[in-house]
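Fold and contact review
What follows is the residue order along each chain.
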Amino acid sequence: MIQSTGTRRDRTSRRRSWTRALLPAALILAWLAGAGLGGPLFGKVDEVSSNDRTAYLPESADATQVQKLLGEFTDSDSIPAVAVFVTDEKLSEADTKALSEAVASATNVEGVDDDVSPAIVSDDSQAAQAFIPIRSDADLAGTVEALAAHLRSAAPDGVAVYITGPAGFSADLVAGFAGIDGLLLGVALLAVLVILVLVYRSLLLPVVVLSTSLFALCVALLAVWWLAKAGILLLSGQTQGILFILVIGAATDYALLLVSRFREELRSTQDKGAALAAAWKGAFEPIVASGGTVIAGLLCLLLSDLKSNSTLGPVAAIGILFAMLAALTLLPALLMLFGRAVFWPRRPAFDPDAVAAEDGRPATGIWARLSGLIARRPRAIWIGTTALLLIGAAGLTQLSATGVPQSDLVLGSSEARDGQSALGEHFPGGSGSPVYVVIDEARLQDAAEVLLASDHVDGVTVAAADSPSGSAPVSADGIGAAGAPGAPSPEPTVVRGDVLLQATLTDAADSDAAASAVRELRSELGPLGALVGGVTATSIDTNDASIHDRNLIIPVILGVIMVILMLLLRSLLAPVLLILTTVLSFGTALGVSALVFDGVFRFPGADPAVPLYGFVFLVALGIDYNIFLMTRVREESQRHGTRDGILRGLSITGGVITSAGLVLAATFAALSVIPILFLVQLAFIVAFGVLLDTFVVRSLLVPALAHDIGRRIWWPSRLWRSGDE
């Protein structure tokens, strides 16, 4: 009987050993398979993404409806490029002929449509322009580059050539986002690697943690790519860059929390499996709560009217989900494989007596000294830090987040921007980017009179839906009477139904003056039943929708996160205080950023979505560190009382949370290598805000405030009623 019992125990022990060995191997193989499928997609994201701003507008927006109707008036959905030729001297007849021949032969460039306009000479004869359509299925950036090279080689000596217009600016955006797959990812991973090596002084641990983050990103990209391929999600270069950074930063943060608990458990537990199980149990709640908070905040973006916001929510939420899964499955499997060796050369020694002795005496080190300072002067610290944060938040008055011109979206040199400037010196500023007005044919003359009466409109042409005859100029004398030099002027065949008016503005399409003109035209044409679209209208509708989203979503996110914190901490007062401190930190980050953007970088302003995105990431991610801290504080308070628990929690979590904050700040700062204004501004706001949360809010403000309040911080939970101060 004794032998039989011993045999069963041996069999049970062997099964557990096999399970302990096979499960980590199976998890690692599963993640390897997912990464193997997702990795090759890094170079193929452009196949399922779009940077067309119209595609992200609400269906109800005028610009969206006009864009859909344009196909009824033109046989092509091509993207117009404006070729601008400029010289210091007047163009001779020979020069004009050479330019006309160069433009006509542009159809030989791969990707250029056949419907190329003739070269139109300016009134001062020092410039010419031509409208060259780029096919929508062409490689936009490559076609624009090839077109520019072709025209420069064919242009007379002394004539400068620029490619601008919608195609030129879109090509700039494509080129700006070109470094996302390689440069952005490389810089982010290198920054994280350097920080981990310096903090943990280990060679293997940073590789294990980064592998976890990279595998999470590969599998997240696999899911997002196929959802975008199926048309379920919209993906842009901007969303792609944020996804990469978010997954790397979040997965690394969650990994560091588990690694910290594992290292802690190895000191009191000999068996690495038991230590890992205890660490996983301790890290599970804060990781899931943290990731759940971020996911809930991101999914609030689904309430957005602007599709660039509403699609970012699920894309980023998928990334956070896989970051959590990797930290809770792949990382434990790797830690089980390497055991204590993962920390080499600073392996944690098994010494339960030392751990027991440390539990009964004050901790040492910088975080212990900071805890002591907070214990002595909590009120002075939280009042002082609050005052400092409020001073920084005062910079919010300098923030201009009402939108920026399309020509300023890309930082650094821009041929399209230079071309638009040259175009405005010799032609109406809105050339190549007309205002489109769709109106019933019965109200055509009324609409034309409104457009012609505007001081901001230089010329108007009209086309009928499904008309084969093209467009005709409009003047006060009627349709087809006059038009811009070089414009086609066939006799129009007007059919019953909608007609399209194209108005060329005197100001650049992305200027404030053009925006004001379009708003004015909308107010006058609206009673006639007209729809107004085009590049300027798209920018207006985008900014208006973005401002609406910002005002709606920020309060919703606060409410959702508040509920999650209440459930996590079993308290009402603590979540309110944590939310208030995080909002104050966000205000300071945004205020300081506004001063830096205006005074240091001289940025032209900010997109209305910048504060919204900054809020989503800073509040959702910033609250992570408070979750990491306060869940440990609650755990320690149950054993040692609230005030002692706060000090112990800060001492224990200080190192890991600081490391996580540095990693997240570095990954978001990596976004600044992409020369897109929105991403550079978001990188600064989030990186600075995370450091502020890490070193001021979580290290000083929250612990000092909680220590001053004492066990009342847990009101009305059981810990408040039965806990010690």
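In the block above lies the structure referred to throughout.
Heads up: these notes are all about the structure in this document. On a predicted model such as this, the values are computed, not experimentally measured, just so you know. (Residues numbered from 1 in each chain as written. Predicted model: local features only at pLDDT ≥ 70, side-chain atom pairs only at ≥ 80, totals over all residues. Heavy atoms only, no water.)

Turning next to a negative patch on the surface. On the surface, a cluster of negative charge is contributed by D46, E47, E110 and D139. Looking at the secondary structure, you find D139 in the loop between β3 (127–134) and α4 (140–154). Under the relative-accessibility criterion, D139 is labelled exposed at 54%. (Patch = residues over 30% accessible without salt bridge, like charges linked within 9 Å, V, L, I, M, F, W, Y side chains within 5 Å. Areas by Shrake-Rupley, 256 points an atom, 1.4 Å probe, with all protein chains shown as cover. Salt bridge = Lys/Arg side-chain N within 4 Å of Asp/Glu carboxyl O. Lys, Arg positive; Asp, Glu negative; His and termini not counted. Charge placed at Lys NZ, Arg CZ, Asp CG, Glu CD. Helix = DSSP H or I, 4+ residues; strand = E, 2+ residues; numbered from the N terminus. Buried < 20%, exposed > 50% of the residue type's maximum accessible area, 1.4 Å probe, protein only.)

On to the packing of helix α13 (residues 366–376) against helix α21 (residues 642–669), then. Where α13 meets α21, the closest approach of the two axes is 9 Å, and the angle between their N-to-C directions is 135°. Taken together, α13 and α21 sit at an angle that is classed as oblique. As α13 packs across α21, the resulting crossing turns out to be right-handed. Across from W367, A368, L370, S371, I374 and A375 in α13, the residues of α21 making contact are L647, L650, S651, G654, G655 and T658. When grouped by side-chain class, the residues that make up the contact of α13 with α21 number 7 nonpolar, 5 polar and no charged. (Axes fitted to C-alpha atoms, helices over the stretch in contact; angles between N-to-C directions. Parallel < 35°, antiparallel > 145°, perpendicular 65-115°, else oblique. Left-handed = near helix turned anticlockwise from the far one by under 90°. Contact = heavy atoms within 4.5 Å. Nonpolar A, V, L, I, M, F, W, Y, C, P; charged D, E, K, R; others polar.)

This part covers the sheet that holds strand β4 (residues 160–164). In spatial order, the strands read β2-β3-β1-β4; together these 4 strands make up an open sheet with antiparallel pairing. Two strands lie at the open edges of the sheet, namely β2 (120–121) and β4, each paired on one side alone. Of the strand pairs in this sheet, strand β1 (residues 79–86) and β3 are connected by 8 bridges, and their pairing is antiparallel. Directly across from V86, in β3, lies its bridge partner A127. Of the strands in this sheet, β1, β2 and β3 touch helix α3 (residues 93–104), which is tilted by about 5° from β3. Seen against the sheet, helix α5 (residues 165–176) touches β1, β3 and β4 and runs at an angle of roughly 100° to β1. (Pairing = 2+ DSSP bridges.)

With that settled, consider the environment of S413. Along the chain, the position of S413 falls in the loop between α14 (378–393) and α15 (415–426). Spatially, the C-alpha atoms of S413 and P675 are 9.9 Å apart, while their sequence positions differ by 262 residues.

Moving on, we get to the pairing of strand β5 (residues 435–440). Among the 6 residues in β5, 5 count as buried, and that is most of the element. Strand direction decides the pairing type here: β5 and strand β9 (residues 498–505), joined by 6 bridges, are antiparallel. By the bridge assignment, Y436 is partnered in β9 with Q502. Pairing of β5 with strand β10 (residues 531–534) involves 4 bridges; the strand directions are antiparallel.

What follows is about helix α17 (residues 512–525). For α17, built from 14 residues, the straight-helix expectation of 20 Å at 1.5 Å per residue is met to within 8% by its first-to-last C-alpha distance of 20 Å. Every buried residue of α17 is listed here: A514, A517, V518, L521, R522 and L525. The arc that holds every buried residue of α17, seen down its axis, measures 140°, which confines them to one face. Facing away from the buried surface of α17 by more than 90 degrees, the exposed residues are D512 and S523. (Expected span 1.5 Å × (residues − 1). Arc of directions from axis to C-beta.)

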